[in-house]
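Summary of structural features
Here is what each chain is made of, one letter per residue.
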Amino acid sequence: MLRVAAIDLGASSGRVLTGEYAAGELTITPVNRFTNGPVFVPRSGGTDLVWDILSLWNGIRCGLLEASHAGPLDSVGIDTWGVDYGLLDSDGRIISNPASYRSDRTSPAVAHLHKSIAPTALYAANGIQFQPFNTLYQLLADQSESYSARATTVLLLPDLITYWLTGQQICEVTNASTTGLLDPRTRTWNPTILELLQNQGVRVPQILTHLTEPGVAVGPISVPECDIRTAQGTPTPLITVGSHDTASAVVAVPAPGAVAARRSSGASFGFISSGTWSLVGIELDAPVLSEKSRQANFTNELGVDGTVRYLKNIMGMWVQQELLRELRECGEAEASWEVLDRETEAAPAFRSMFDINDPSFAAPGAMRERIDSACVSAGFPVPRCRGEYLRAITESLVIAYRRALREATDLSGTSIQTVHIVGGGSKNRLLCQLTADAVDLPVVAGPVEGTAMGNMVVQLRALGAVSGTLDDLRAIIACSVTTTTYEPHTRTSTWDEVEAALFNRA
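So, here's what we can say about the structure.

What counts, and where the lines are drawn
- Residues numbered from 1 in each chain as written.
- Predicted model: local features only at pLDDT ≥ 70, side-chain atom pairs only at ≥ 80, totals over all residues.
- Heavy atoms only, no water.
- Helix = DSSP H or I, 4+ residues; strand = E, 2+ residues; numbered from the N terminus.
- Rg over C-alpha atoms; globule rule 2.2 N^0.38 Å.
- Buried < 20%, exposed > 50% of the residue type's maximum accessible area, 1.4 Å probe, protein only.
- Contact = heavy atoms within 4.5 Å.
- Lys, Arg positive; Asp, Glu negative; His and termini not counted.
- Charge placed at Lys NZ, Arg CZ, Asp CG, Glu CD.
- Phe/Tyr/Trp six-rings, centres within 6.5 Å; stacked < 30°, edge-to-face > 60°.
- Lys NZ or Arg CZ within 6 Å of the ring centre and 35° of its normal.
- Core = buried A, V, L, I, M, F, W, Y, C linked by side-chain atoms within 4.5 Å.
- Arc of directions from axis to C-beta.
- Polar contact = N/O pair within 3.5 Å; in protein donor to acceptor, adjacent residues only side chain to side chain.

Things to note about the overall build of the protein chain
In terms of regular secondary structure, the protein chain is built from 19 helices and 21 strands. Its C-alpha atoms give the protein chain a radius of gyration of 22 Å, within 12% of the compact-globule value 23 Å for 506 residues. Along the first, second and third principal axes, the C-alpha atoms of the protein chain reach 60 × 55 × 50 Å. The buried share among the 506 residues of the protein chain stands at 59%. Long-range contacts, defined as pairs at least 24 residues apart, comprise 73% of the intrachain contacts of the protein chain with a sequence gap of at least 6. Of the side-chain charges in the protein chain, 38 are positive and 53 negative, and the distance between the mean point of each set is 3 Å.

Below is the structure:
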């Protein structure tokens, strides 16, 4: 038996989990969970929106210690969200808390950069969907801050934690692909974009570190008060995985044989990695860099084993999380997920809907007011109770999923026979059933712990415990989890009408 640990950091919480691999199956055990979220911090003339990186670091250390007390750890892997980073000074110390992608600090940088390169040319170079928080815009925004002159190294969040655990500075490629600085065809830093930023005053070649693919042993974990060891008594190694959480989640899609099928017939699966964000798309072997793809705002993020995650970012469960937080703060009684699910399922269908991917939903706070405004703008009535708000969010998400999957197949020339939902959203019965109805395809829900499982199987392969291709790793996942399949029920024409009503009036 081998025992590995996954550090899985999300925008609303972080976790450490362990996995035991024996007889071809992987068994997951959660160790600890700690809260996360952007924090407003006062500054001269305003506020910053940042991540409390030291709180995350403490949660990670406590989780690893607790995991090691239960037994040896043969390796550890890290995954987080993308784009955000820490800046180090010449002594290797972090300069400040990492800025949150939900900050509005990049607006001037976006306008400034687009004066130097047209969005069409930028997309042809990096294949990344436009998001104002993409790393290249953040790095440019840093130039207006006094601390930027002290920065000698930039480390994306999983790489920052790797550095603190091992002392090694690397940049894992799946997360690096969210920066907008990579060429998705070569999986290397794009010299054209680096030169562009350098001309804007960003010392990119000096502050970037070397790229590393998933499945590489970076070094032993060596942290005071966090002495973790293997069964042989040696320090536990840290192994790179798909350090962008969606890259690990897509590894865990329980679809053995999917890569071979895609390469022989062009057929693939659709995936929805459902959490704070919903990442909706398909797995490909090469990026799609067409102008139509750019106009549809699709992104080409890199995956494990040379793959491309061709997807669209959908606002996701963030809207629901913020709404429920707001309702609690306004005095509404907290309810279990079982109660919330019943209220959502009991609410009338298609009554209140809105474009959930509107940028107005990105910032925290006042979510109910923004939902009301969006419903009215789209020509729908405002929700009247908690269940109707949750139903509106769910159905609006499903319409966004439907549109994104249709665009992904059209733009890539790939067909899909099944949609896989992994992550927390796979527990939502109504979300899964409505998605099956809307796309008129079977939806396979699970695993819930897809990101951690994808993280772990890449570690296991690097340790030599398993061998083979991505299909072989997915076969382990399929043997280790129980999934639920939702067959479509509602007529497709009903969803055609709902989608047309929403977007023709919006």
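Now, onward.
Here we look at the packing of aromatic side chains
Tallying each qualifying case throughout the model produces 10 aromatic pairs. Ring plane angle 90° and centroid distance 5.0 Å describe the contact between Phe 350 and Trp 495, whose orientation is recorded as edge-to-face. Pair noted here: Phe 350 is in the loop between α13 (337–346) and α14 (367–378) and Trp 495 is in helix α19 (residues 492–505), with a separation of 145 residues, a long-range link. Residue Phe 350 is classed as partly exposed on the basis of its relative accessible area, which comes to 24%. Cation over ring: Arg 102 sits above Trp 318, and NZ or CZ is 3.6 Å from the ring centre. For Arg 403, the ring lying beneath its charged end belongs to Phe 503, and the centroid distance is 3.7 Å.

Examining the nonpolar core
Within the largest apolar cluster, 138 residues are counted, with the highest numbers of intra-cluster contacts made by Leu 64, Leu 165 and Ile 371. Counting residues per element, this core draws most heavily on helix α15 (residues 386–412), which supplies 12 residues. Among all residues touching Ile 371, those that are not within four sequence positions of it are Val 319, Leu 323, Phe 354, Phe 361, Pro 383, Tyr 389 and Ile 393. Membership of the second largest hydrophobic core comes to 22 residues, among which are Val 4, Ala 252, Val 458 and Leu 473.

Some points on helix α7 (residues 191–199)
For α7, every residue scored as buried is listed here: Ile 193, Leu 194, Leu 196 and Leu 197. One face of α7 carries all of its buried residues, which in axial projection span an arc of 160°. Seen from the buried face of α7, the exposed residues on the opposite side, beyond 90 degrees, are Pro 191, Thr 192, Glu 195 and Asn 199. Looking at the buried side of α7, the elements it contacts are α2 (107–113), α3 (119–126), α4 (135–142), β11 (188–189) and α8 (204–207). The distance from a side-chain oxygen at the start of α7 to the backbone nitrogen of Thr 192 is 3.0 Å, and the residue carrying that oxygen is Asn 190.

Spatial relationships are all this shows, so hold off on functional conclusions.
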